[in-house]
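# Reading the structure
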Amino acid sequence: MSMGLEYETLNENVKKVQYAVRGELYLRASELQKEGKKIIFTNVGNPHALGQKPLTFPRQVVALCQAPFLLDDPNVELLFPADAIARAKHYLSLTSGGLGAYSDSRGLPGIRKEIAEFIGRRDGYPSDPELIFLTDGASKGVMQILNATIRGESDGILVPVPQYPLYSATISLCGGSLVPYYLEETANWGLDVNQLRQSVSKARSNGITIRAMVIINPGNPTGQCLSEANIREILHFCYQEKLVLLGDEVYQQNIYQDARPFLSARKTLLDMGPPMSQAVQLVSFHTVSKGYWGECGQRGGYFEMTNIPPKVVDEIYKVASISLSPNVPGQIFLGLMVNPPKPGDISYLKFERESKAILDSLRRRAHIMTDGFNSCRNVVCNFTEGAMYSFPQIRLPPKAIEAAKRVGKVPDVFYCLKLLEATGISTVPGSGFGQKEGVFHLRTTILPAEEDMPAIMESFKKFNDEFMEQYEDHRGYSRM
Amino acid sequence: MRRFATERAKKLISSYYHPHQRSLLSSSRYSSRFFTSVVPDPSAMSPPVTVDTINPKVLKCEYAVRGEIVTQAQNLQQELQAKPGSHPFDEILYCNIGNPQSLGQQPITFFREVLALCDHPSILDRSETQGLFSADSVQRAWQILDLIPGRATGAYSHSQGVKGLRDHIAAGIEARDGFPANPNDIFLTDGASPAVHMMMQLLIRSENDGILCPIPQYPLYSASIALHGGALVPYYLDEAKGWGLEISELQKQLKEAKSKGITVRALVVINPGNPTGQVLAEDNQRAIVEFCKKENLVLLADEVYQENIYVDEKKFHSFKKVSRFMGYGEDDIALVSFQSVSKGYYGECGKRGGYMEVTGFSADVREQIYKVASVNLCSNISGQILASLVMNPPKVGDESYESYIAEKDGILSSLARRAKTLEDAFNSLEGVTCNKAEGAMYLFPRIHLPQKAIEAAKALKKAPDALYASRLLEATGIVVVPGSGFGQVPGTWHFRCTILPQEDKIPAVVSRLTAFHEAFMGEFRD
């Protein structure tokens, strides 16, 4: 008996959506975990799930904000340092009614001001709090902006390939078209503007109006950090082609090399001066989920708009108001992230120590993993310059590809499933992110604890080299 | 800052009657490939994203709760701060939004104790903690943390929410209803609103897909339907019968929609009602369930006010309970029930906690729901924990029970008193009738406006109830939302006012409002 909602009568856009990060591999890994197998989840950038500890100071502050009656108790100083107490009082004073009241739909004005000040310090240009909107995680912000931009299937969004599949999924949900531009693996996942131009003109010849361009800097899954020259090229391109630039900068604190420190799209744009600095439309995204904070579960993020017309800002505000407000604790985490303890503060030394330990360790793990992959047969891996992932290329022998086809699996899915079953390492197949035809990858995170890394890489190498042994023909791997 | 809602709301509601008169913008969505003048010319001077080139569905949707009247209020607030005494009131009283803690309602202590401990678990081991927190809050925090892998509250959870928390919520649902709930049917979300959006996204394929919504309704529904490109099919609640829901009205509207080529996919019922506050009688609920089953509609049951009931003769019965009691199970009716931590006696709006319980869908549909939820990874963990606390509060015998129940009863009895006081106050005004608020957090009085007022409004290009609300704000600092933001029978005027100002402020609210109303009627009396 048919009832209200059936698969056949679902919104087609929903059916088109793919989000491999929590797709087939993850579900299979969860099943195996239930059966008692030890699983190492490296499918999602979720640091705390792999043992990274929360920073102490923000948790102290938010706990006090949750339970303000503690602030009246003289014994609170036995458990909480004075600067955490003061900061909790400060954030509570920014609210009207504490954590339990809806804030302004854009987020608490006081916190948006703190974020604007942070951006000003970071970039050297003032930022307007009125153009900063807080969201329940950066993903919600991306969805809001894409939803405002996409009118129909002939609106195209330029997205890097490989990309973080939030973009492809959201474009599907909004009924738009994804226009891929391929990053060049042999050039360190670099961006070639000629590639961009080709993608654009091909799309246009198919009747697609390109509306926006997404850059993820540092990249996900690829980790590359854009150079200033590259960002300038991109901004010129957006200026010429009349595109909104969506700058996903959620990994801006995760930089593991010194040649290319993080440079925001906004700073680069403003450095270029008029007419560009006043014409190019830009939306920049940030979050508390990544960096050295890793507070994914708080769902705290923001976007900052540059050169977006006031009437459009009004419309975006209107849509934000329907969801009333972003969660207030997440907003406070954002405030703390952009305004951490300073030298001289009671909690400064501990905070610095905790932060530095995490970042230094991430840098070391980026190296361990890259080197580990590069020591494996038929595996080539670019260095993780930034972000949280490693994206090795797995050169699958033809026999392996055939074996995959026989069981109806995409080749990299086949490989990753075998890897999972043999080692418990749960990764995301490269096909989930997009890759050139016939080239296969997997994405893993650099987040497993440093002390576990050598064993994990060994386990991977053992599996991989045996796999390659099994599927290579006697002449060895032949390039396709 | 925002354009006013009335004309668009009217268009939205009436557009289903006249599908061919729908705005040019929405119909051009399908023809933009050929309709080149909509496509921006790259060589033109205007930037890529302007109000003319954004998604027309965004332009079409409206949300009056934070609309024009609020902008006016914020401006007045700034003026008050800059020049105290510049207005005949000392403060702005926001009665536009169900936001209890912003008006002084205190959170439930036990809940906040547990949340604080879960935010900062490293103090659980410290002896000083015993002195600052109740013993059972410490115990509950440990229990909850043990449900979370690695006790990591900063990690993304399962995309439906932490399994152990869903187990507790399912147990809470079962205790409430007497029928079992499956934790795999539960999707924890950042407030109930994102869950509503998810369902609209799944249900609406095109502008020919309709969703039956009560009029008056909470404008999340109209806005969400507009954003997803569907058609709102209104069914009118009967003001003369305590905002009663008549099945005959449902049938009539369904038939008319079908005759216009609309495929009606679902029925939204808000119980207790918002803005109307009525609590459905059980037999009414049974008739609704039968209707949905017969007409093959998904029943979307917004039950966020389930703990806000102010009259002894009515009780909350979940639609899940009613359906199961009728003998209808998973194979008989598709039902989605929404709950939130924002309302009730807990009023934790800023936490963004809530869930939907999804029953009666096939496995492949459920997979799609999961998939959409997974793109956002998960809802905020603290909100998930709070949802589990709300559905599983302290019990008799727990150390915190006495203080918990005192806080809860205090808040609920105060809400009931305020509901009555304000209802009586509104009914005492000339030309105003106000139905009782049996539940929820609002009163929705009807104002019979004199013709002169209606004409004055027209001259200002405002809806008459918007003019009233605006004048009320100017004179008293009280912010209400014009009825046109919720929908109403054409030619009738209302406004929605919350019952949330603290009890000690209510007398001043009543006297200021009364004085304003008398002056207003005096000015515009025919």
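Since the model is a prediction, treat every value here as computed from it, not as a measurement.

### Side note on the overall build of chain A
Scanning chain A for helices and strands turns up 18 helices and 14 strands. Its C-alpha atoms give chain A a radius of gyration of 23 Å, near enough to 23 Å, the size a compact globule of 480 residues would have. Each of the 480 residues in chain A was classed as buried or not, and the buried ones make up 66%. Of all intrachain contacts in chain A linking residues separated by at least 6 positions in sequence, the fraction that spans at least 24 positions is 73%. Accessible surface, chain A as shown: approximately 16,900 Å² in total, 53% of it carbon and sulfur. The averaged location of the 52 negative side-chain charges in chain A is 2 Å from the averaged location of its 51 positive side-chain charges.

### Some words on helix H10 (residues 228-241) of chain A
Residues and elements named next belong to chain A. For H10, with 14 residues, the first-to-last C-alpha span of 20 Å sits near the 20 Å given by 1.5 Å per residue. For H10, the full list of buried residues reads Asn 230, Ile 231, Ile 234, Leu 235, Phe 237, Cys 238 and Glu 241. Considered in projection along H10, the buried side chains sweep an arc of 155 degrees and stay on one side of the axis. At its buried positions, H10 is contacted by strand S3 (155-161), helix H9 (193-205), strand S5 (209-216), strand S6 (244-248), helix H11 (265-271) and helix H12 (276-279). Two residues or fewer past H10, Lys 242 is found with a positive phi of approximately 60 degrees.

### A short note on the confidence of the model for chain B
In the predicted model, chain B carries a mean pLDDT of 91, and the fraction of residues at 70 or more is 91%. Low pLDDT, under 50, characterises residues 1-44 of chain B; the stretch is placed with 71 contacts to residues that sit more than four places away or in other chains.

### Digging into the interface of chain A and chain B
Contact with chain A, which involves 96 residues of that partner, is made by 107 residues of chain B. For the pair chain A and chain B, the summed buried area comes to about 8,500 Å², and 58% of that belongs to carbon and sulfur atoms. Taken as a group, Tyr 102, Arg 151 and Ile 322 of chain A account for 10% of the area that chain A buries against chain B, more than any other trio of residues on that side. At the junction of chain A with chain B, the criterion picks out one salt bridge. The salt bridge partner of Lys 140 of chain A is Asp 190 of chain B, with a shortest N-O separation of 3.2 Å.

### Quick look at the sheet that holds strand S13 (residues 428-429) of chain A
Residue and element names in this part refer to chain A. Spatial ordering of the open sheet is given by S10-S14-S13, a layout of three strands whose pairing is antiparallel. The open sheet has two edge strands, strand S10 (389-390) and S13, and neither has a second partner. Here S10 runs beside strand S14 (residues 442-445); their pairing, made up of two bridges, is antiparallel. Paired with Ser 390 across the strands is Thr 444, a residue of S14.

### Observations regarding the nonpolar core
Counting 335 residues, the largest nonpolar core has Met 213 of chain A together with Leu 267 of chain B as the members making the most contacts within it. Ignoring sequence-local partners within four residues, the contact set of Leu 267 of chain B consists of Leu 212, Tyr 235, Leu 250, Ile 288, Phe 291, Cys 292, Leu 297, Val 298, Leu 299 and Leu 300 of chain B.

### Points about the sheet that holds S5 of chain A
Residues and elements named next belong to chain A. On the basis of which strands lie adjacent, the open sheet formed by seven strands has the order S2-S8-S7-S6-S5-S3-S4 and mixed pairing. With one partner strand each, in any of the chains shown, strand S2 (132-135) and strand S4 (177-182) form the two edges of the open sheet. Taking each pair of neighbouring strands and ignoring which way they run, the sheet shows an average axis angle of 25 degrees. Where S3 meets S4, six bridges bridge the pair, whose relative direction is parallel. Within the sheet, the bridge partner assigned to Val 161 lies in S4 and is Tyr 182.

### A few points about the state of the cysteines
Summed over all chains, the structure comprises zero disulfides over all chains. Cys 118 of chain B takes part in no disulfide bond, and the closest cysteine sulfur to it belongs to Cys 378 of chain B, at a distance of 15 Å.

### Side note on the domain arrangement of chain A
Residues and elements named next belong to chain A. Examined at the domain level, chain A breaks down into domain 1 (7-38 + 355-471) and domain 2 (94-338). Look at where the C-alpha atoms of domain 1 and domain 2 centre, and you get two points 27 Å apart. Residue-level contacts link 34 residues of domain 1 with 35 residues of domain 2. For the pair domain 1 and domain 2, the two sides together bury roughly 2,900 Å², of which 55% comes from carbon and sulfur.

### Focus on unusual backbone geometry
Residues and elements named next belong to chain B. For the bond from Ile 215 to Pro 216, the omega torsion is 0 degrees, close enough to zero to count as cis. Take Pro 216: it is sitting in the loop between strand S3 (209-215) and helix H10 (220-227). A cis amide bond links Asn 274 to the next residue, Pro 275, at an omega of 10 degrees. Its place among the elements puts Pro 275 in the loop between strand S5 (263-270) and helix H12 (282-295).

### What about a negative patch on the surface?
A grouping of Glu 6 and Glu 8 of chain A together with Asp 364 and Glu 367 of chain B is seen on the molecular surface, where their side chains present a negatively charged patch. Looking at Glu 367 of chain B, the relative accessible area reads 53%, which means it is exposed.

### Some details on the UniProt feature "domain: Aminotransferase class I/classII large" (unreviewed entry) in chain B
The residues that UniProt annotates with the feature "domain: Aminotransferase class I/classII large" (unreviewed entry) are residues 150-510 of chain B. Annotation note: span residues 150-510 of chain B, helix share 40%, strand share 16%, distance between end C-alpha atoms 53 Å.

### Observations regarding the packing of aromatic side chains
With the rule as written, the count across this model stands at 31 aromatic pairs over all chains. Ring centres of Tyr 415 of chain A and Phe 467 of chain A lie 5.0 Å apart, and the angle between their planes is 80 degrees; this geometry places the pair in the edge-to-face category. One end of the pair, Tyr 415 of chain A, is in helix H17 (residues 411-423); the other, Phe 467 of chain A, is in helix H18 (residues 453-471), and 52 residues separate them in sequence. Their ring planes at 75 degrees and their centres at 4.7 Å tell us that Tyr 345 of chain B and Tyr 346 of chain B sit as a pair that is edge-to-face. In this pair, the class of Tyr 345 of chain B matches that of Tyr 346 of chain B, namely buried. Three or more aromatic residues joined by ring pairs form one cluster here, namely Phe 110, Phe 111, Tyr 345, Tyr 346, Tyr 401 and Tyr 404 of chain B.

### Here's the deal with the packing of helix H2 (residues 24-34) of chain A against H17 of chain A
Residues and elements named next belong to chain A. At a closest axis distance of 11 Å, the pairing of H2 and H17 adopts a crossing angle of 20 degrees. Regarding the angle of H2 to H17, the classification is roughly parallel. H2 and H17 meet at a crossing whose hand is right-handed. Packed against H2, whose contacting residues are Glu 24, Leu 25, Arg 28, Ala 29 and Leu 32, the element H17 presents Val 413, Cys 416, Leu 417, Leu 420 and Glu 421 at the interface.

The rules we used
Residues numbered from 1 in each chain as written. Chains lettered and ligands numbered in written order. Predicted model: local features only at pLDDT ≥ 70, side-chain atom pairs only at ≥ 80, totals over all residues. Heavy atoms only, no water. Helix = DSSP H or I, 4+ residues; strand = E, 2+ residues; numbered from the N terminus. Rg over C-alpha atoms; globule rule 2.2 N^0.38 Å. Buried < 20%, exposed > 50% of the residue type's maximum accessible area, 1.4 Å probe, protein only. Contact = heavy atoms within 4.5 Å. Areas by Shrake-Rupley, 256 points an atom, 1.4 Å probe, with all protein chains shown as cover. Lys, Arg positive; Asp, Glu negative; His and termini not counted. Charge placed at Lys NZ, Arg CZ, Asp CG, Glu CD. Expected span 1.5 Å × (residues − 1). Arc of directions from axis to C-beta. pLDDT = per-residue confidence, 0-100. Buried area = accessible area lost by both parts, 1.4 Å probe. Salt bridge = Lys/Arg side-chain N within 4 Å of Asp/Glu carboxyl O. Pairing = 2+ DSSP bridges. Core = buried A, V, L, I, M, F, W, Y, C linked by side-chain atoms within 4.5 Å. Axes fitted to C-alpha atoms, helices over the stretch in contact; angles between N-to-C directions. Disulfide = S-S within 2.5 Å. Domains from an automatic or database assignment. Patch = residues over 30% accessible without salt bridge, like charges linked within 9 Å, V, L, I, M, F, W, Y side chains within 5 Å. UniProt positions renumbered as here; feature names shortened; annotations may be inferred. Phe/Tyr/Trp six-rings, centres within 6.5 Å; stacked < 30°, edge-to-face > 60°. Parallel < 35°, antiparallel > 145°, perpendicular 65-115°, else oblique. Left-handed = near helix turned anticlockwise from the far one by under 90°.

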